[in-house]
Every structure is written in structure tokens, then in C-alpha cells.
Amino acid sequence: MLKNTLILTAALAASALAQTPQPNHDLGYDNTPTYPGMKWRVHDSTRPHPEVVTPGMCNAPSLKPPSDAEVLFDGKDTSKWSQLPWKLENGYMEVIPHKGGAITKEAFGDIQLHLEWASPAKIEGASQNRGNSGVMLMGKYEVQVLDSYQNPTYADGQAAAIYGQYTPLVNASCKPGEWQFYDIIFEAPKFEGSKLVKPAFVTVIHNGVIVENHEQILGTTPHAQVGNYNTPHGDLPLELQNHNTSVRYRNIWVRRLKPRI
Ligand code: MG
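Here the structure is a predicted model, which is why all the values come from computation and not from measurement.

Bringing the pattern of salt bridges into the picture now. Scanning the model with the defined rule gives 11 salt bridges in all. For D110, the salt bridge goes to K190, with nearest N and O atoms at 3.1 Å. Within this pair, whereas D110 is found in the loop between β5 (102-108) and β6 (111-118), its partner K190 is found in strand β10 (residues 190-192), the two being separated by 80 residues in sequence. Take D110: its relative accessible area is 24%, and that puts it in the partly exposed class.

Listed below in C-alpha cells is the structure:
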């Protein structure tokens, strides 16, 4: 009798649990801070997701870099990287989980950056655990890399989001395993002494579709926190994030942006 009562009690409790909305931090938060002037909390679970657009360029072959590009990775040469603890094969580099990110030797300021990436073809995990990496501009400002093909997650953490700040204008993701590309135009923040005199701006084209249109970056892009410009800096290396999933990269090049003559 006691056993039956316990089973019944457990069943009722489970039923009550099922009916009460439970916080699911994989799909967003309701207790994170908000950037000044921003309607949504960082990783807000109620933030709307952008429309899905099927791009026309999934798995497109790599294009040759322009003649004045600094090629950071051509599929073989790793000499442009001060840290690259990843697997190299078949013309791509692949994240080895828990081994650290890839960091360039050179420091960069204002740049045009092209890179191609592919999330694992075999879907493992969900939300932020599915094909997560990131283009860490100056090692500080993240354009999210994520398998965002039919993968619900918080809107400011999906592919091509400025992590924790802006969703992409549309979701132009290819399927897992397919090669995708980012073309990024980045204007570095400018400081005078400890004072920020110009924030960073970024434009992102994802698979031929504009997804960030000269957005003002609001500071560093930490998880579940408001970022800032509290640490003045000059040019800094580019980093590709290791978020413990086996994302691949290939054909990475930059052009340093100079003022018109
Ligand atoms: Mg990331």
C-alpha cells in the first residue's frame, strides 16, 4: 500500500512538473542583464527568431582569394597561426574538443575576412552544443558559428549572431556537414587612452545573404552577461573558438582595410 502511494505521489509530482513551464537555459534565459537601450535580455528566451532563408550557395566550391589578401589558411600551410591545436586533413582544419582555439600570429584592426566552415554532418547534441564555434574578431567580439539548421536555440546565439547582442537578420544556414561561408567586414573599436572614441562595427554576409548590416558592436561578447569596452586595445589576433564540437574551417583570408587614397 505504502509502495503504491509512493508511486502515485511520484506520478502526480511528475505530472505537475510536466505542466509547469520549466526554465531551459539551452533555449534562453529570463534572468540575464540587458544592454542599455536593448529591448531583449542577453540570450532572452522570448526573443523572436529571424526568418529562415534557403541560401543558393551551400557546399559551393572555394573561390580563389583576391591578389592582395593575406591567406591565413589555404588548406595546408599553418605558418600564420601561433596556436592551432586542431586536426588538419583534406584541406580543412577541424576543432579538437578541449584543445583550445586557433589564434593567428598577426594582429589585425579593420579587415575584410572570408572563411568557410562546416558543422559536423552527424548531429550530436542540441542548441548551443551543436556545431558551436565562433569567429572571435580581435579575440573579443564573436560572430557565432553554430549549426543553426533546424536547431532551436536562443536567437542571439544562432549562427551569424553577434553573440548575446544581435540576431542575424535572417537565418541563412546550410545543412550540417555542408560548407558555408562568412564574409565579414569589421571596423575595429578605437580608443584614446582609456576612452572609447569609436565602437566596433560589423557587417556579415552568410552564404551570400547579408545578415548583419553595419551593426554597432556593444562591447565584448561574454556568455549570459553584458559585454563592455573596458579594456582599451590596439590591433589584436583573430581567434577561431573551440567550443568542444568538431567544426571545420577552410579557405581563410583577410584584407586589411585602409582609407581611400
Ligand atoms: Mg560560439
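Moving on, there is more to tell.
Turning our eyes to something else, we now look at empty space enclosed by the protein. By the definition in use, this model includes one cavity of 30 Å³ or more. Estimates place the volume of the largest cavity at around 40 Å³. Around the largest cavity, the lining residues are F108, G109, I111, L137, M138, F186, L236, P237 and L238. Per-element accounting of the lining of the largest cavity gives the leading share, three residues, to strand β14 (residues 236-240). Each residue belonging to the lining of the largest cavity can be placed in one class, and the counts come to eight nonpolar, one polar and no charged.

What follows is about the packing of aromatic side chains. All chains considered together, the criterion is met by eight aromatic pairs. Note on F191 and Y229: the rings are 6.3 Å apart at their centroids and 65° apart in plane angle, and the pair reads as edge-to-face. Highlighted residues: F191 in strand β10 and Y229 in the loop between β13 (209-216) and β14, separated in sequence by 38 residues. Judged by relative accessible area, which is 13%, Y229 ranks as buried. An aromatic cluster is defined as three or more aromatic residues linked by ring pairs; in this entry it consists of Y141, F186, F191 and Y229.

The rules behind these values
- Residues numbered from 1 in each chain as written.
- Predicted model: local features only at pLDDT ≥ 70, side-chain atom pairs only at ≥ 80, totals over all residues.
- Heavy atoms only, no water.
- Salt bridge = Lys/Arg side-chain N within 4 Å of Asp/Glu carboxyl O.
- Helix = DSSP H or I, 4+ residues; strand = E, 2+ residues; numbered from the N terminus.
- Buried < 20%, exposed > 50% of the residue type's maximum accessible area, 1.4 Å probe, protein only.
- 1 Å grid on protein atoms, 1.4 Å probe; cavity = no way out; pocket = protein on both sides within 12 Å on 5 of 7 lines; lining within 4 Å.
- Points joined across faces, edges and corners; volume = space filled by probe spheres on them.
- Nonpolar A, V, L, I, M, F, W, Y, C, P; charged D, E, K, R; others polar.
- Phe/Tyr/Trp six-rings, centres within 6.5 Å; stacked < 30°, edge-to-face > 60°.

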